[in-house]
Amino acid sequence: MKALDELTFDNRFARLGDAFSTHVLPEPISEPRLVVASPAAMALLDLAPAVAESPLFAELFGGHKLWAEAEPRAMVYSGHQFGSYNPQLGDGRGLLLGEVYNQAGEHWDLHLKGAGQTPYSRMGDGRAVLRSSIREFLASEALHALGIPTTRALCVIGSDTPVWREKQERAAMVLRLAPSHIRFGHFEYFYYTKRPEQQKALGEHVLAMHFPECREQPEPYLAMFREIVERNAELIAKWQAYGFCHGVMNTDNMSILGITFDFGPFAFLDDFDANFICNHSDDRGRYSFSNQVPIGQWNLSALAQALTPFISVEALRETLGLYLPLFQVHYLDLMRRRLGLTTGEDNDQALVEQLLQLMQGSGVDYNLFFRHLGEHSAESAVARLRDDFVDIKGFDAWAERYCARVSRDGNDDQSERRQRMHAVNPLYILRNYLAQEAIDAAEAGDYSVVRRLHEVLSDPFNEQPGMAHFAERPPEWGKHLEISCSS
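Quick notes on the rules
- Residues numbered from 1 in each chain as written.
- Predicted model: local features only at pLDDT ≥ 70, side-chain atom pairs only at ≥ 80, totals over all residues.
- Heavy atoms only, no water.
- Phe/Tyr/Trp six-rings, centres within 6.5 Å; stacked < 30°, edge-to-face > 60°.
- Buried < 20%, exposed > 50% of the residue type's maximum accessible area, 1.4 Å probe, protein only.
- Lys NZ or Arg CZ within 6 Å of the ring centre and 35° of its normal.
- Helix = DSSP H or I, 4+ residues; strand = E, 2+ residues; numbered from the N terminus.
- Polar contact = N/O pair within 3.5 Å; in protein donor to acceptor, adjacent residues only side chain to side chain.
- Contact = heavy atoms within 4.5 Å.
- 1 Å grid on protein atoms, 1.4 Å probe; cavity = no way out; pocket = protein on both sides within 12 Å on 5 of 7 lines; lining within 4 Å.
- Points joined across faces, edges and corners; volume = space filled by probe spheres on them.
- Nonpolar A, V, L, I, M, F, W, Y, C, P; charged D, E, K, R; others polar.
- Axes fitted to C-alpha atoms, helices over the stretch in contact; angles between N-to-C directions.
- Salt bridge = Lys/Arg side-chain N within 4 Å of Asp/Glu carboxyl O.

**Let's talk about the packing of aromatic side chains**
Argument step 1. With the rule as written, the count across this model stands at 24 aromatic pairs.
Argument step 2. Aromatic side chains tyrosine 189 and phenylalanine 190 sit 5.0 Å apart centroid to centroid with 75° between the ring planes, which places their arrangement in the edge-to-face category.
Argument step 3. Classification of phenylalanine 190 by relative accessible area gives buried; the value is 0%.
Argument step 4. The positively charged end of arginine 135 is found above the aromatic ring belonging to phenylalanine 266, 4.1 Å away from the centroid.

This is the structure in structure tokens:
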């Protein structure tokens, strides 16, 4: 393990130059203090958990100190926001402090969110508030524990610095990690501003740093785009299978690596609702739960447009055509496993769709249904779950088909079935009301709640003694929390 002052920097993106980012120093927050840290994320930098308790830790990630080898940069990019193109966005409150490589040879961006104003702040104060920082931290680490590709969160640092949103709040900073913070919007920026040399330099950088295997292909850019399509198809399949709603799927919030990126008004489904909208600013439901699949394709189309200088339109169109079939393969595989099935049949897609139609409007807790389905034999489980459904006759018909399907699957050992299903069906999910309880306590100066919640969510599939509260269905008030983009 390393000490904080022993991190090894290799700032590859910064070397692209001033056309891609602007040098900006972090603006420190007052009285920086540790709110929560992730030992698993710290291990990515070869840091021991105890390092988080040192004063230097809060000073570094609260903007007070900086490594001599760090090169803090605010990245410039553009993007389509709610379907409309915005010509210049950029890191308005975040800074890429530098790139660290660990003993395994992995490179990790250190990106400090809430670090103050940059040239891209667009009238904003460049700050993040404690509540949004806690939400991003919890979501990043919870998604990772579920096996969903995501940025990671190292820590949240709180402060006494006042900031104004709908009311006065306190500033905080969250340090997030990713192999890259390059977005779809980076390519869009150089495409629409007609800067072919910079766009080519960006493309070569991305190929060399993140898709080196594609450089061996006859058409490296096409191979890279295909990989991006495949990764996003798998990512969104996992979102849908686990009931995760991103909330703001703008192209500037889409990672070139196909990882969950830029957490705003996200939510996991409580009661199943295909039309669920987690962002109260999304009055037309563009980013509703069911729309995430077509929006993923729309965003990839926007990226494809920006890549037309390198790839033929015909090849781009053909590659985009892979997205929906790939999504269906990944999604159906996950849902089969959630249902406890180990083989495939042609009617499995219909079995899943019929179940979701029955869940719709019945007030069935999406994730707990699958968890409880694995507690007992198929026949016993559906008998216990049937009263949760409004259309009991319809559910009974589905249950009969499901039990017959399980029988044909041929895995009769109930202990093995339970173990297999519990390994993919989480007991603990980051529900909005749990996050709000942690935020309320943290704003009152008690960080124990967010730390305990993070610990529970870090092991979502295994029952943990004394943590039954975190596995309960939410209270009614907890199902209707409005989450905004304001951070």
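**Some words on the side chain of arginine 73**
Argument step 1. Inspection of the secondary structure assignment puts arginine 73 in strand β3 (residues 73-75).
Argument step 2. The exposure class assigned to arginine 73 is buried, which follows from its relative accessible area of 8%.
Argument step 3. There is a polar contact of 2.7 Å between the side chain of arginine 73 and the side chain of aspartate 18.
Argument step 4. Discounting chain neighbours no more than four positions away, the residues touching arginine 73 are Ala14, Gly17, Asp18, Ser21, Thr22, His23, Asp91, Leu95 and Leu96.

**Considerations on empty space enclosed by the protein**
It is the rolling of a water-molecule-sized probe over the atoms that shows where space remains empty.
Argument step 1. Inspection of the entire model under this criterion finds two cavities of 30 Å³ or more.
Argument step 2. Taken as a whole, the largest cavity encloses approximately 60 Å³ of empty space.
Argument step 3. Forming the boundary of the largest cavity are 13 residues, of which Phe13, Glu99, Ser180, His205 and His210 lie nearest the centre.
Argument step 4. Listed by contribution, the elements that provide at least two residues to the lining of the largest cavity are β6 (94-101) and α5 (196-210).
Argument step 5. Here the lining of the largest cavity takes three residues from α5, the largest share from any one element.
Argument step 6. Residues of the lining of the largest cavity, tallied by class, amount to six nonpolar, four polar and three charged.
Argument step 7. Put simply, the second largest cavity is a space of about 40 Å³.
Argument step 8. Arg33, Leu130, Gly158, Ser159, Arg170, Ala171, Ala442 and Tyr447 together form the lining of the second largest cavity.
Argument step 9. Mapped onto the lining of the second largest cavity, the elements with two or more residues apiece are β9 (152-164) and β10 (168-178).

**A closer look at the packing of helix α15 (residues 432-443) against helix α16 (residues 448-457)**
Argument step 1. At their nearest, the axes of α15 and α16 sit 7 Å apart, and the two run at 150° to each other. On α16, the residues touching Leu434, Ala435, Glu437, Ala438 and Ala441 of α15 are Val449, Val450 and Leu453.
Argument step 2. Per-class residue counts for the contact of α15 with α16 are seven nonpolar, no polar and one charged.

**Overview of the pattern of salt bridges**
Argument step 1. This structure, assessed with the given rule, holds 34 salt bridges.
Argument step 2. The shortest N-O distance in the salt bridge between glutamate 230 and arginine 226 comes to 2.9 Å. Here glutamate 230 and its partner arginine 226 are both found in helix α6 (residues 220-242), four residues apart, which amounts to about one turn of the helix.
Argument step 3. Given a relative accessible area of 24%, glutamate 230 falls into the partly exposed group.
Argument step 4. Looking at arginine 226, the relative accessible area reads 42%, which means it is partly exposed.

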